[in-house]
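Summary of the model geometry
In case you want the letters, here they are:
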Amino acid sequence: MSQGNYVSRRRFIQGVGSAFFLAGLQAALPLPLWARANHWGLDGLPSARDRYDLTIGYSPIVIDGREGTATGINGTVPGPLVRLREGDEVTLNVTNALMDTEHSSIHWHGILVPFPMDGVPGVNFAGIPPGETYSYRYKLVQSGTYWYHSHSFLQEQSGTYGPLIIDPKDGEPWPYDRDYVVVLSDWSFEKPETLFRNLNLLGHYYNYQQRTLGDFIRDIRQDGFKETMDERLAWGKMRMSPVDLADVTGAAYTYLMNGNSPDMNWTALFAPGETVRLRFINASAMSNFDVRIPGLDMDVVMADGKAVRPVTVQEFRIGVAETYDVLVRPREDRPFTLFAESIDRSGYARGTLSPEPGLTAPVPLLRKRPVRGLQDIGMGMMVGEMNEGEMGGGHGGHGGHGEMGTKDDPRIPGPNGPEPFMPDRKTSVNVAMTIPNPRYRLDEPGLGLGHDGWKVLTYKDLTSEEPPEYADTPEREMTIHITANMERYMFSFDGMKYTEHPGPYLFRHNERLRLFLVNHTMMDHPIHLHGMWMQLENGADRLPYKHTILVKPGEVVSALITPIEKGDWAFHCHLLLHMEAGMFQVVRVV
């Protein structure tokens with residue numbers, strides 16, 4: 001595979017002239033062609049190409065009549081649809097026109113590439129300085145639905161992202177009549193740096209859904225005074241709130257579907273009886289969504305770009321950076337609402353699947369904001385059993401107290417070593433709590449889901465449709481702990497922020513590694529490993545492939561990994577501000 005290279009400043013000036021012309025043209029058309037409601041799906045758009053020129057620069061953005069400035073690509077948010085073909089050698093020229101920043105970059109999320117093409121400044125290349133172009137060149141060895149985004153500073157939050165589709169060389173495995181990309185994202189008119197600063201000042205700065213005195217009185221009536229007080233004291237000792245479900249909420253965000261606000265109502269057409277493929281991509285910086293189309297079943301046929309055995313559901317949770325392809329078959333000659341509700345119920349993205357332009361369907365009401373229980377984060381034993389010093393300051397609690405022990409759960413393969421599920425640095429200031437008995441939760445849909453009378457997708461439902469590529473038996477086991485001190489807005493792996501780790505995690509080239517991820521925090525974290533697949537050990541006869549795993553609070557997840565490319569790779573939480581706060585590490589494959 002070819003190596004990338006930088007383009008000279010002289011050539012850049014010529015390129016910038018074209019880019020500015022393009023930006024000026026797009027200023028009048030702030031959405032890319034594929035994302036406009038008057039262009040219907042991929043039909044009619046240019047077929048796959050093997051070369052794209054992308055320019056990252058400041059561009060205007062208008063949402064619901066309010067104007068702002070984005071770091072768009074070729075002048076739009078989201079950026080152009082990059083459509084490639086499996087087996088091709090591709091060239092993707094990326095120009096940094098952000099003249100006041102140290103560097104920019106593009107990472108091809110979920111794409112298997114040589115490490116110099118992965119696009120993470122400081123890890124596997126130096127970044128793209130202002131005024132220069134970097135040529136990414138590599139051969140495509142996969143197909144499916146993916147996306148791309150900047151890995152420089154907080155540019156992803158301000159608009160540097162777009163969809164990426166790779167057409168399979170042997171044709172699609174399922175028939176369908178129409179094909180749409182559905183990019184979910186979160187936009188704020190506050191600068192990303194301001195969001196980060198405010199959260200460092202106060203972790204729940206944007207959470208306007210705190211529990212009230214009325215909730216307290218209701219809980220006493222429902223659960224009793226002692227139980228309610230114990231529960232409140234337990235959360236207080238952890239310096240956490242059970243309703244801190246998202247750091248940045250609808251108070252600061254407008255949730256977008258293909259760059260359209262809910263009022264702009266992105267629309268996709270269908271004819272009754274057709275099969276429609278919807279490629280959902282969560283390109284948000286900080287928002288997990290719960291997606292449903294009232295009145296329609298969805299057959300999930302692809303997860304993170306890899307084919308899975310079809311699963312019929314009515315709803316699925318999509319973590320930041322995940323992708324799901326679904327097939328829907330509307331029979332009725334009426335519109336349907338595409339509804340993506342934020343995990344904390346503070347807002348939603350919305351579009352319409354319609355038999356003709358201009359129609360709308362009823363938009364569901366936001367459901368009540370869920371409340372985490374101590375059981376939800378593996379800390380149920382705290383109620384009534386708190387002793388001074390058990391929590392906070394980095395001390396762990398007791399054992400399971402009636403819950404199935406981790407080692408006793410046959411659904412958790414291994415561990416073969418002693419006590420792998422407790423971090424060594426539990427006294428670190430970065431670790432506010434440790435989960436003494438993390439649980440298998442792959443069969444759970446997630447907080448706030450599963451009680452509405454319809455089927456919600458779980459990771460347990462996923463079975464790969466692709467033939468096995470790697471060995472079944474691991475040669476080695478490794479545990480990485482997801483840790484945090486949310487009150488201080490510190491996020492880390494194994495109790496250490498990125499700058500505190502003594503060195504990278506070491507993977508061996510072509511080994512079969514079992515990786516345990518243990519979430520010792522009270523938030524869901526979408527954990528992304530660059531350059532290789534993680535195969536979820538969910539009990540399926542063919543383990544599903546994932547590039548990003550949404551790990552629930554108090555959960556232990558095991559995944560099998562075969563590192564196929566040597567080099568340095570990023571490993572991080574894909575909540576952008578968590579990564580910025582330290583939940584990032586380098587994996588070195590040797």
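Concerning the pattern of salt bridges
Taken as a whole and assessed by the stated rule, the structure comprises 38 salt bridges. One salt bridge in this structure joins D179 and R279, with 2.9 Å as the shortest N-O distance. With D179 in strand β10 (residues 178-187) and R279 in strand β13 (residues 276-282), the pair connects residues that are 100 residues apart, well separated along the chain. A salt bridge links E332 to R334; the shortest N-O distance between them is 3.2 Å. Salt bridges linked by common partners bring D290, R292, E315, R317, E341, R345, R367 and D452 together as one network.

A look at a nonpolar patch on the surface
Taken together, L201, L202 and Y205 make up a surface patch of nonpolar side chains, about 300 Å² in accessible area. With respect to the helices and strands, L202 occurs in the loop between α2 (192-201) and α3 (213-223). Using a relative accessible area of 40% as the deciding quantity, one classes L202 as partly exposed.

Focus: the sheet that holds strand β25 (residues 525-529)
Spatially, the 5 strands line up as an open sheet ordered β23-β31-β30-β25-β28, and their pairing is mixed. Two strands close off the open sheet at either side, each with one partner strand: β23 (505-507) and β28 (548-551). Strand-to-strand twist across the sheet, computed as the mean angle between neighbouring axes with direction ignored, equals 25 degrees. Taken together, the 4 bridges between β25 and β28 define a ladder with antiparallel strand orientation. Paired with I527 across the bridge in β28 is I549.

A short note on helix α4 (residues 225-237)
Helix length check: α4 (13 residues) gives 18 Å between terminal C-alpha atoms against 18 Å at 1.5 Å per residue, within 8%. Taken together, the buried positions of α4 are T228, D230, E231, R232, A234 and W235. Summarising the contacts, the buried residues of α4 are in contact with α3.

Focus: the packing of aromatic side chains
This structure, assessed with the given rule, holds 21 aromatic pairs. Arranged with centres 6.2 Å apart and planes meeting at 70 degrees, the rings of F196 and Y489 form a pair that is edge-to-face. Separated by 293 residues along the polypeptide, F196 in helix α2 and Y489 in the loop between β21 (476-485) and β22 (490-493) bring together distant segments of the chain. For the residue pair F196 and Y489, the accessibility class agrees, reading buried in each case. One aromatic cluster is present, built from ring pairs that chain together W108, F125, Y134, Y136, Y138 and Y148. Over the face of the ring belonging to Y52 we find R49, whose NZ or CZ atom lies 4.1 Å from the ring centre. The cationic tip of K306 hangs over the ring face of Y545; the distance from NZ or CZ to the ring centre is 4.5 Å.

Considerations on the sheet that holds strand β26 (residues 534-536)
Consider a sheet: its strands pair through backbone hydrogen bonds, and that pairing is either parallel or antiparallel. Spatially, 6 strands are ordered β22-β21-β24-β29-β26-β27 in an open sheet, and the strand pairing comes out mixed. In the strand order of this sheet, the two ends are held by β22 and β27 (545-546), each with one partner. When β21 meets β22, the two strands line up antiparallel, connected through 4 bridges. Residue pairing for β22: A484 is matched across the bridge by F491.

Rules and cut-offs
- Residues numbered from 1 in each chain as written.
- Predicted model: local features only at pLDDT ≥ 70, side-chain atom pairs only at ≥ 80, totals over all residues.
- Heavy atoms only, no water.
- Salt bridge = Lys/Arg side-chain N within 4 Å of Asp/Glu carboxyl O.
- Helix = DSSP H or I, 4+ residues; strand = E, 2+ residues; numbered from the N terminus.
- Patch = residues over 30% accessible without salt bridge, like charges linked within 9 Å, V, L, I, M, F, W, Y side chains within 5 Å.
- Areas by Shrake-Rupley, 256 points an atom, 1.4 Å probe, with all protein chains shown as cover.
- Buried < 20%, exposed > 50% of the residue type's maximum accessible area, 1.4 Å probe, protein only.
- Pairing = 2+ DSSP bridges.
- Axes fitted to C-alpha atoms, helices over the stretch in contact; angles between N-to-C directions.
- Expected span 1.5 Å × (residues − 1).
- Contact = heavy atoms within 4.5 Å.
- Phe/Tyr/Trp six-rings, centres within 6.5 Å; stacked < 30°, edge-to-face > 60°.
- Lys NZ or Arg CZ within 6 Å of the ring centre and 35° of its normal.

All we've got here are geometric facts, nothing functional implied.
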